[in-house]
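# Coordinate analysis (summary)
Here's the letter readout for the chains.
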Amino acid sequence: MLKDQQTLTITNLTDVDSAEIPGQDVIAGLSSNPRYLSPKYFYDEKGSQLFEQICQQPEYYPTRTEASILKASGGAIAHVTGPCEIVELGSGSSTKTRILLDAYQLAGHPLRYLPIDVSDTMLKETAEKLLKEYPQISVHALAGTYESALQVLPKKQLPARIIVFLGSTIGNLTPGECNDFLAYVSQILEVGDYFLLGLDLQKEIAVLEDAYNDTQGVTAAFNLNMLRHLNQRFNGNFNIEKFSHAAHYNKQKNQIEMYLESAVAQSVRLETLDLTVEFEAGDRILSEISRKFDIADMTRALASHQLNVVKAFTDQQQWFGLLLCQRI
C-alpha cells in the first residue's frame, strides 16, 4: 500500500527507445507512394507546446468536451475503481488528468500518478506543478514511447491500476495498429485493472474539418513544425515556407487526414539519413489520421481483447465518449 507521503521519480527511457535505428521510419515513409510520416515527429518541445495551444482553440471541441465529461463522471469513475493508481499515456500537461486526481482525492483515495510522454521537459514541468497542487501525491514519470514505458512500469502500490488514454489519441492509429495496441494494453493490465479510453465520435463533417483548420493557424503551425523537427533531427533542409497545411475528412474511412503539401517542385535532403526526396507541386505527405468512432463498434473491439466496458459516458451532443473498461 502506498505510504501517505509525497514522492517524485522520473525515469528517462530515451536510451531504450533509441535501440531502433533512428530515422528508418522516415526513410520508409518518404520513399513510399503515397508518402507519410509518423505523428511521433510532431512532438519535439515546440510541437508539444503548439499542441497545448491547439487544445485552447475555439474550433477544437475534443479537449473541452472530454473535460466536461470527466468533470461529470470523475466521481463515478473513482467509485467504480476504488483506490487505483493512474497511468496516463501521452500525459502532456496533465490538464484533464487533474479532474480525475481531484475526484480520487475527494473520494479519499491515495494519489499515485504515472504519466508517460515523449517530452521529458513537459513531464518535469508538469510533475513539479502537481507536487505543489497535491501535497500527498506520488508521481513516477516515464519519458519515452508508450511501448517502452509500459514494459517497465513499476510494481503496483495500490490495489488496482487504470491506464488512461485520453484525447481520442487512439484515432491516430490505423485499424490494424489499434487492434495491436488494445491487445498490448490487455496484456499489460492484470485481471481487475481498468482502462479509460477517450473517443472522438462521428459527427457533422463541417465540425470535424473546422477543428483541424482553426482560424488562428495553430494546427497549421503544429503540422509544419514536423518538418522543422526533421531538419533538426536529421540535418535536413525542408523549407517550411514552401509547404502548406491541409486537412479534410475522408467519409469512406471515417477519419480526418492531415497533410503537408508541397507548393512547388523542389528537392529536399536529409543528410543524416542520406535521403533525397523529390517533390512536384501539389505532392503531399500524410502526417496524421484521426479516426472518428462509434461506441458500439469500439465496445465490441475492446471485448475481443478481454476489456469489458463497465460504463460509457458521453456529452449531451454525443460528440465525444469516455469508455471505462475492466480487464477480465
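Structure first, text after, so check above.
Residues numbered from 1 in each chain as written. Predicted model: local features only at pLDDT ≥ 70, side-chain atom pairs only at ≥ 80, totals over all residues. Heavy atoms only, no water.

### Quick word on the pairing of strand β11 (residues 275-279)
Alternating positions in β11 separate cleanly, Leu275, Val277 and Phe279 being buried on one face and Thr276 and Glu278 remaining unburied on the opposite face. As defined by bridge partners, strand β10 (residues 266-270) adjoins β11 across 5 bridges and the pair is classed as antiparallel. Across the sheet, Arg269 pairs through a bridge with Thr276, a residue of β11. Two successive antiparallel strands, β10 and β11, enclose a turn made up of 4 residues, where Asp274 displays a positive phi of approximately 50°. (Buried < 20%, exposed > 50% of the residue type's maximum accessible area, 1.4 Å probe, protein only. Helix = DSSP H or I, 4+ residues; strand = E, 2+ residues; numbered from the N terminus. Pairing = 2+ DSSP bridges.)

### Focus: the pattern of salt bridges
One pass over the structure, following the stated rule, counts 14 salt bridges. In this structure, Arg98 engages Glu133 in a salt bridge whose closest nitrogen and oxygen atoms are separated by 2.8 Å. A residue pair is termed long-range when its members are at least 10 positions apart, and Arg98 in helix α5 (residues 97-106) and Glu133 in helix α6 (residues 120-133) qualify at 35 residues. Judged by relative accessible area, Arg98 falls into the buried class, the value being 15%. Taking the relative accessible area as the measure of exposure, Glu133 reaches 39% and is therefore partly exposed. For the salt bridge of Arg284 with Glu261, the shortest nitrogen-to-oxygen distance reads 2.8 Å. Here Arg284 is found in strand β12 (residues 284-291), whereas its partner Glu261 is found in strand β9 (residues 255-262), with 23 residues between them in sequence. Owing to a relative accessible area of 33%, Arg284 belongs among the partly exposed residues under this scheme. Judged by its relative accessible area of 22%, Glu261 is partly exposed. Here the salt bridges do not stand alone but share partners, grouping Glu85, Arg112 and Arg161 into one network. (Salt bridge = Lys/Arg side-chain N within 4 Å of Asp/Glu carboxyl O.)

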